[in-house]
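Observations on the model geometry
Letter by letter, the chains look like this.
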Amino acid sequence: TSEGVGEPSPIAGGSRWDLYLYMGDDQVHWFSILNSLVIVLLLSGIVAMIMVRTLRRDLAEYNSVEEKEELLEESGWKLVHADVLRPPPLAAWLATTIGTGMQVLCMSFISIACAMLGFLSPANRGSMLTVSLLLFALMGVAAGYCAALAYKAFKGAQWKSLTLLTAFLFPGIVLGVMFVLNFFIWGQHSSGAVPFGTMFAVLCIWFLISFPLVWVGVWLGYRGTLKDPPVKTNMVPRVIPSQAWYLHPLFTMLIGGILPFGAVFIELYFIMSSIWLQRFYYVFGFLALVLLILIITCAEMAIVLCYFQL
């Protein structure tokens, strides 16, 4: 037998996790925030310069029209103003992407808000993942609603196909990859493999909760009313001239992702360290600020790339 003697500790019970929750100097996170803000300010300056340049040129042309009392032919981005609202070839796929993006965005905001308020303790390592999965399933309503509004704006009528795509496309890809990788982990007899009961529970959440909520969201979205479009769409689409190689969509997507990644890569390092190196991550206030900066950066990057392609 063995005996132990307890000694009183001067550290309060609520502070005994501080040693394990220490993540180093907070200056690294502030450097990440400053780096992200510099990128946002740079893109904001570019967007402002583009808007000022475009508006100044338009005002100059309008003044010259008034002076000469003759209509000049439209040029530049105004040539395609009657084609921007034309339904795309794969309208259902685009609407599905919009709906799933809103689903992930709502899940991220609510999860980070709950963690910031202290509802998700980093001591319980599975709480964040569990809440994220449940929120993703519950946000199926937002996915279906936003996808239905976009698809309705595209004059789409196959709402049943839209419901199936929104409910099964992106979640099916993620879960399929996870299940395949889990089979390999099972084959190595690793203790890190996801148990069969957990996999079955995830499938039940997907089919019994997420899919019905997506259907409800699509139903609500189709019942909603859309605003009148700001411009009319031409019956005959305008011929798009050939563009330079650096304006190809694949190249612009590759270049367009560099600045958003540069805005979040420092904070992403800490998140990956908490996942793969068994460390704790609890600075959710920094994470919420970085997420907001990422959204602004992506929006401004999309504006700049669209302008350069016109």
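The model shown is predicted, which means the values in this text are computed figures rather than measured ones.

1. Let's talk about the side chain of Thr-297
For Thr-297, the location among the structural elements is in helix H10 (residues 284-309). Ignoring sequence-local partners within four residues, the contact set of Thr-297 consists of Ile-39, Val-40, Leu-43, Leu-259, Pro-260 and Ala-263.

2. So, helix H7 (residues 196-223)
Between its first and last C-alpha, H7 extends 40 Å over 28 residues, near the 40 Å set by a 1.5 Å rise per residue. Within H7 the residues assigned to the buried category are Met-199, Val-202, Trp-206, Ser-210, Val-214, Gly-217, Val-218 and Gly-221. Buried positions along H7 lie against helix H3 (91-116), helix H4 (127-138), helix H5 (140-153) and helix H6 (159-187).

3. What about a nonpolar patch on the surface?
On the surface, Tyr-145, Trp-159, Trp-215, Val-216, Trp-219 and Leu-220 cluster together into a nonpolar patch covering about 550 Å² of accessible area. When residues in the nonpolar patch are grouped by element, the largest group, four residues, is from H7.

4. Section: the state of the cysteines
Two cysteines form a disulfide when their sulfur atoms are joined by a covalent bond. On inspection of all chains with the given rule, the structure shows zero disulfides. Not part of a disulfide, Cys-106 finds its nearest cysteine sulfur in Cys-146, a span of 6.8 Å. When its relative accessible area of 22% is taken as the criterion, Cys-106 is described as partly exposed.

5. Side note on unusual backbone geometry
Although it is not a glycine, Lys-155 sits at a positive phi angle of roughly 65 degrees. Looking at the secondary structure, you find Lys-155 in the loop between H5 and H6.

6. A word on the packing of H5 against H6
Contact geometry of H5 with H6 gives a least axis separation of 10 Å together with a crossing angle of 140 degrees. In this view, H5 runs oblique relative to H6, as classed from their interaxial angle. Classified by chirality, the crossing of H6 by H5 is right-handed. Counting all contacts with H5, which are made through Ala-143, Gly-144, Ala-147, Ala-148 and Tyr-151, the residues of H6 involved are Trp-159, Leu-162 and Thr-166. Split by residue class, the contact of H5 with H6 holds six nonpolar, two polar and no charged.

7. Digging into H10
Between the first and last C-alpha of H10 there are 37 Å, a value that for 26 residues agrees with the 38 Å anticipated at 1.5 Å per step. For H10, the full list of buried residues reads Phe-284, Phe-286, Leu-287, Val-290, Leu-291, Ile-293, Thr-297, Glu-300, Met-301 and Val-304.

8. With respect to the confidence of the model for the protein
Per-chain confidence: the protein averages 79 in pLDDT, with 82% of residues scoring 70 or above. Looking across the protein, the model is least confident in helix H1 (residues 18-21), with a mean pLDDT of 58, and most confident in H5, with 93. Within the model, the stretch residues 66-72 combines pLDDT values under 50 with four contacts to residues more than four positions away or in other chains.

9. Some words on the packing of aromatic side chains
Inspection of the entire model under this criterion finds five aromatic pairs. Among the aromatic residues, those joined into a ring-pair cluster are Phe-168, Trp-206, Phe-207 and Phe-211.

10. Structural notes on the nonpolar core
With twelve residues, the main nonpolar core is built from Ala-91, Ala-92, Ala-95, Ala-147, Ala-148, Ala-150, Tyr-151, Phe-154, Leu-162, Ala-167, Val-214 and Val-218. Elements with a minimum of two residues in this core: H3, H5, H6 and H7. Of all hydrophobic cores here, the second largest spans nine residues; its members include Leu-43, Ala-263, Phe-286 and Met-301.

11. Remarks on the environment of Leu-291
Residue position: Leu-291 is located in helix H10. A C-alpha to C-alpha distance of 8.8 Å links Leu-291 and Ser-108, two positions 183 residues apart in sequence. If sequence neighbours within four positions are ignored, Leu-291 has contacts with Ser-108, Phe-109 and Ile-112.

About the criteria used
- Residues numbered from 1 in each chain as written.
- Predicted model: local features only at pLDDT ≥ 70, side-chain atom pairs only at ≥ 80, totals over all residues.
- Heavy atoms only, no water.
- Helix = DSSP H or I, 4+ residues; strand = E, 2+ residues; numbered from the N terminus.
- Contact = heavy atoms within 4.5 Å.
- Expected span 1.5 Å × (residues − 1).
- Buried < 20%, exposed > 50% of the residue type's maximum accessible area, 1.4 Å probe, protein only.
- Patch = residues over 30% accessible without salt bridge, like charges linked within 9 Å, V, L, I, M, F, W, Y side chains within 5 Å.
- Areas by Shrake-Rupley, 256 points an atom, 1.4 Å probe, with all protein chains shown as cover.
- Salt bridge = Lys/Arg side-chain N within 4 Å of Asp/Glu carboxyl O.
- Disulfide = S-S within 2.5 Å.
- Axes fitted to C-alpha atoms, helices over the stretch in contact; angles between N-to-C directions.
- Parallel < 35°, antiparallel > 145°, perpendicular 65-115°, else oblique.
- Left-handed = near helix turned anticlockwise from the far one by under 90°.
- Nonpolar A, V, L, I, M, F, W, Y, C, P; charged D, E, K, R; others polar.
- pLDDT = per-residue confidence, 0-100.
- Phe/Tyr/Trp six-rings, centres within 6.5 Å; stacked < 30°, edge-to-face > 60°.
- Core = buried A, V, L, I, M, F, W, Y, C linked by side-chain atoms within 4.5 Å.

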